[in-house]
Amino acid sequence: MTDVTISPNGPRIWLRTLWRDHRVWLASFAIVVLLTIFDSQQAAESTGFAVAALLHTAPYLLLSIAIAAWAGATGADNLIAKAFVGAPLLMIGLGALAGGLSPFCSCGVIPLIAALLAMGVPLSAVMAFWLASPIMDPSMFFLTAGVLDMEFALAKTLAAIGLGLFGGISVHLLSKSGAIQNPLREGVSNGGCGGAKIRAPKPVVWKFWTDPARRATFARTAWSTTMFLAKWLFLAFLLESLMLAWVPAETITASLGGTGIQPIAIATLIGVPAYLNGYAALPLVGGLIEQGMSPGAGLAFLVAGGVTSIPAALAVWALARPPVFALYIALSLSGAFAAGLLFHFWSLA
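Residues numbered from 1 in each chain as written. Predicted model: local features only at pLDDT ≥ 70, side-chain atom pairs only at ≥ 80, totals over all residues. Heavy atoms only, no water.

(A) A look at the overall build of the protein chain. When you go through the protein chain residue by residue, the secondary structure sums to 16 helices and zero strands. With 349 residues in all, the protein chain has 47% of them scored as buried. If you take every contact in the protein chain between residues at least 6 apart in sequence, the share linking residues at least 24 apart comes to 82%. Here the protein chain displays about 16900 Å² of accessible surface, and carbon together with sulfur accounts for 70% of that area. (Helix = DSSP H or I, 4+ residues; strand = E, 2+ residues; numbered from the N terminus. Buried < 20%, exposed > 50% of the residue type's maximum accessible area, 1.4 Å probe, protein only. Contact = heavy atoms within 4.5 Å. Areas by Shrake-Rupley, 256 points an atom, 1.4 Å probe, with all protein chains shown as cover.)

As structure tokens, then:
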């Protein structure tokens, strides 16, 4: 008879592996369990909110997953990444412009950012798009013009593009100086400005379905990308639902009233935890402006809150290392304050 010895460290290793590989799902599960125990109605509402938001985002997810898997299977990511070599400032400008005018919300941009990073696109160009995209899109522009006015909508669009340029150029300069090393989390891309896809490009095989190995790459990439995006988006939407439920609009109103430069700084900081969402925030800001808050403070609140909203911030945290996340927050806050300050003086002129 063979003796079987069970290692006492077995459960500990299993738990450590479970936490390492599935900690995001475990965090979401823990939140739902705690809500079920203490507030079952909110648990149902938050879960429904997260599922509905995921379904709403599904077209963006499916498209970006297919693009990422296709690029990896064919080798087209080598060509895409190579196209970003040689003109970083141009790519930063295009990224900021595309981000400020694209129809992607802070949730829909997550899978696109993941696909760009996986293709080896330089972080500076991606950061420009990353910062600009959550602030403005075509539907948001017309809604802002209707709820507030056309001048405010134009100012918010310029703030989005300007923040993208500011962030992209800052990251580009930091990368050149060597201050940013391996900015992305392991498994997101090969790191560096362009990664291995640029340093050692491989030939492209467009008809990847004829090659079993490339078909396997397509399936593997599609599955891993789907799981990566689903876990982070579900947690982001779950947290967003709780913020919408537990942060009263009256609290935000009391914190952001007043005129002058100080409210702009307060609005920039308050916009991080108190931001609801782009559409819900517009009537709130409109009411505050009617009560005497300066338009500059309103713009700072919308810009800072949009870029650091839970879905947008969690996207950065999921893809980038903590120092890059801290840089993202710093760029967001400083850029939002600068935009609010400029719009404040413009309104006084």
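(B) Molecular detail of the packing of aromatic side chains. Tallied over the entire structure, the rule returns seven aromatic pairs. Their ring planes at 90° and their centres at 5.5 Å tell us that phenylalanine 152 and phenylalanine 343 sit as a pair that is edge-to-face. Taken as a pair, phenylalanine 152 in helix H8 (residues 150-177) and phenylalanine 343 in helix H16 (residues 322-348) lie far apart in primary sequence, 191 residues in all. The two residues phenylalanine 152 and phenylalanine 343 agree in class, both being buried. Aromatic pair phenylalanine 208 and tryptophan 209: ring centres 5.5 Å apart, planes at 75°, arrangement edge-to-face. Members of the aromatic cluster, connected to one another through ring pairs, are Phe208, Trp209 and Phe218. (Phe/Tyr/Trp six-rings, centres within 6.5 Å; stacked < 30°, edge-to-face > 60°.)

(C) Quick peek at the environment of glycine 75. Its place among the elements puts glycine 75 in the loop between helix H2 (40-74) and helix H3 (76-82). It is 9.2 Å that separates the C-alpha atoms of glycine 75 and arginine 214, two residues lying 139 residues apart in sequence. Aside from chain neighbours lying at most four places away, what touches glycine 75 is Val204 and Arg214.

(D) Seen up close, the confidence of the model for the protein chain. The share of residues in the protein chain with pLDDT of 70 or more is 74%, and the mean pLDDT across the chain is 77. Mean pLDDT across the elements of the protein chain ranges from a minimum in helix H9 (residues 195-199), with 42, to a maximum in H8, with 91. Within the model, the stretch residues 190-200 combines pLDDT values under 50 with 23 contacts to residues more than four positions away or in other chains. (pLDDT = per-residue confidence, 0-100.)

(E) Structural context of a nonpolar patch on the surface. A cluster of nonpolar side chains, contributed by Phe29, Val33, Leu34, Ile37 and Phe38, occupies part of the molecular surface with about 570 Å² of accessible area. Take leucine 34: it is sitting in helix H1 (residues 10-38). (Patch = residues over 30% accessible without salt bridge, like charges linked within 9 Å, V, L, I, M, F, W, Y side chains within 5 Å. Salt bridge = Lys/Arg side-chain N within 4 Å of Asp/Glu carboxyl O.)

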